[in-house]
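Each chain, written out:
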Amino acid sequence: MKRSFASLASIASIASIASFATLILVAPRVAFAQDVTPGAGFDAPLPPREPPPPTPDEPTPPPPEAYGMTADPLIDVRGRRSWSEGTPRTFLATTLDVGWTYLRPRASLGYGKPFSSWIGIDANPLIIGTGLGAYGGLRLALPRFDLRVGPRYFASFNRNYLNPQPSYNRVDLDSTVGNPSRVVTFEAEAEASLPAGPGDIVALGSVSYVTGVPDGQLVFEETLHVIVAPPLVWRARGGYVLRFGSARQHSIGLVGEILDVPKRDDSKTVRVGPVVRIVLSRRVEVRGSFVPTVVSPDHIGLVGGDFTELGFRYRWATE
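An account of the accompanying structure is given in this report. Worth saying up front: this structure is predicted, and the values here are computed from it rather than measured. (Residues numbered from 1 in each chain as written. Predicted model: local features only at pLDDT ≥ 70, side-chain atom pairs only at ≥ 80, totals over all residues. Heavy atoms only, no water.)

**Some details on the environment of Ser208**
Logical step 1: Within the element layout of this structure, Ser208 appears in strand 7 (residues 199-211).
Logical step 2: By relative accessible area, which is 1% here, Ser208 ends up buried.
Logical step 3: Along the backbone, Ser208 and Leu224 are 16 residues apart, and their C-alpha atoms lie at a distance of 9.2 Å.
Logical step 4: The residues touching Ser208, leaving out its near neighbours within four places in the chain, are Thr185, Phe186, Glu187, Leu224, Pro231, Leu232 and Val233.
Logical step 5: A polar contact of 2.5 Å, which involves the side chain of Ser208, links it to the side chain of Glu187. (Helix = DSSP H or I, 4+ residues; strand = E, 2+ residues; numbered from the N terminus. Buried < 20%, exposed > 50% of the residue type's maximum accessible area, 1.4 Å probe, protein only. Contact = heavy atoms within 4.5 Å. Polar contact = N/O pair within 3.5 Å; in protein donor to acceptor, adjacent residues only side chain to side chain.)

So this is what it looks like as structure tokens:
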């Protein structure tokens, strides 16, 4: 009988020790499971940590409720509404334009507020249906002023150097006689805008120096969309855009521009048409430019108009 009681006591002791060990191992997991959304399993995110305090140089961001959002682990309350917010800094930024028959990625390295007020360098390849190219240069951007200076290289797939004649048509432009063109254009371009009523007065001016063309021949400059007798081309654009939206972030308007090639007789080209910009967020925009030619010495159809934007733009920058 004594041995039976001893055996029962030993079994009870072992069971107590096992129960205590099991409680130690399981209890933390039970406590953690209480914070997991039912049905989410162990893939659910950990409870959000308190955001770090702001640095002395950076103001405290407004709460998510200020933008009509509810605080949530998936919302970064330090995110910016626009690129003009934040403090100046060294940054790396990218812009991707994707549209009808073109792909234009661009990388920028500079100091300031990306896409708002900064100085630095731009570099971008150019991929369109008629050839490949690349641009690199210096950039100065302010809220209502933008200046860029640099060279652009373009190698055409199917457009050749042109022999001199008073006027050209689309057949002349697409002729396969001769060698495909290879052109380097040195360019300086400035843009500016002024507030006026419900919108802005916009202006653009550029001077281009075209090289790489054999003596006595002309070439179609793929970015300016004009047939050039080297080396100079100048361009001036003006117009008015109406701003709308809750933050006046969208715009639609009408622009007109004139281009001139000094070494071509009667070479002035005039274009007029609408432009549109719809800002979906600080990163994503829809952009369109539909500026056909109304006066030109040539008859090359839509190729001679400014339809360089008809698609989406995506922006990213280091914070």
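**Some words on the packing of aromatic side chains**
By convention here, two paired aromatic rings are described through the distance between centres and the angle between planes.
Logical step 1: Scanning the model with the defined rule gives 1 aromatic pair in all.
Logical step 2: For the pair Phe91 and Trp118, a centre-to-centre distance of 5.5 Å together with 75° between the ring planes defines the contact as edge-to-face. In this pair, Phe91 sits in strand 1 (residues 89-99) while Trp118 sits in strand 3 (residues 117-128), placing the two residues 27 residues apart along the sequence. Accessibility assignment for this pair places Phe91 and Trp118 in one class, buried.
Logical step 3: Between Arg148 and the ring centre of Tyr135, over which it is positioned, the NZ or CZ distance is 5.1 Å. (Phe/Tyr/Trp six-rings, centres within 6.5 Å; stacked < 30°, edge-to-face > 60°. Lys NZ or Arg CZ within 6 Å of the ring centre and 35° of its normal.)

**So, the nonpolar core**
Logical step 1: Formed by 20 residues in total, the largest nonpolar core has its most connected members in Val210 and Val233.
Logical step 2: Among the elements of the structure, strand 8 (219-221) and strand 9 (226-228) are those that each provide at least two residues to this core.
Logical step 3: Considering each element in turn, this core owes the most residues, 3 residues, to strand 9.
Logical step 4: If sequence neighbours within four positions are ignored, Val233 has contacts with Ser206, Val207, Ser208, Val210, Leu224, Val226, Val228, Asp260 and Val261.
Logical step 5: Residues Trp83, Ala93, Ala141 and Ala317 belong to the second largest nonpolar core, which totals 6 residues. (Core = buried A, V, L, I, M, F, W, Y, C linked by side-chain atoms within 4.5 Å.)

**Remarks on unusual backbone geometry**
Logical step 1: Residues Pro230 and Pro231 are joined by a peptide bond in cis, for which omega reads 10°.
Logical step 2: Inspection of the secondary structure assignment puts Pro231 in the loop between strand 9 and strand 10 (232-244).
Logical step 3: Even without being a glycine, Phe115 presents a positive backbone phi close to 65°.
Logical step 4: Positionally, Phe115 belongs in the loop between strand 2 (102-113) and strand 3.

**Examining the side chain of Arg152**
Logical step 1: You can see Arg152 is positioned in strand 5 (residues 145-160).
Logical step 2: A polar contact is formed between the side chain of Arg152 and the side chain of Glu187, at a distance of 2.9 Å.
Logical step 3: A polar contact is formed between the side chain of Arg152 and the side chain of Glu221, at a distance of 3.0 Å.

That is the geometry; function is a separate question.
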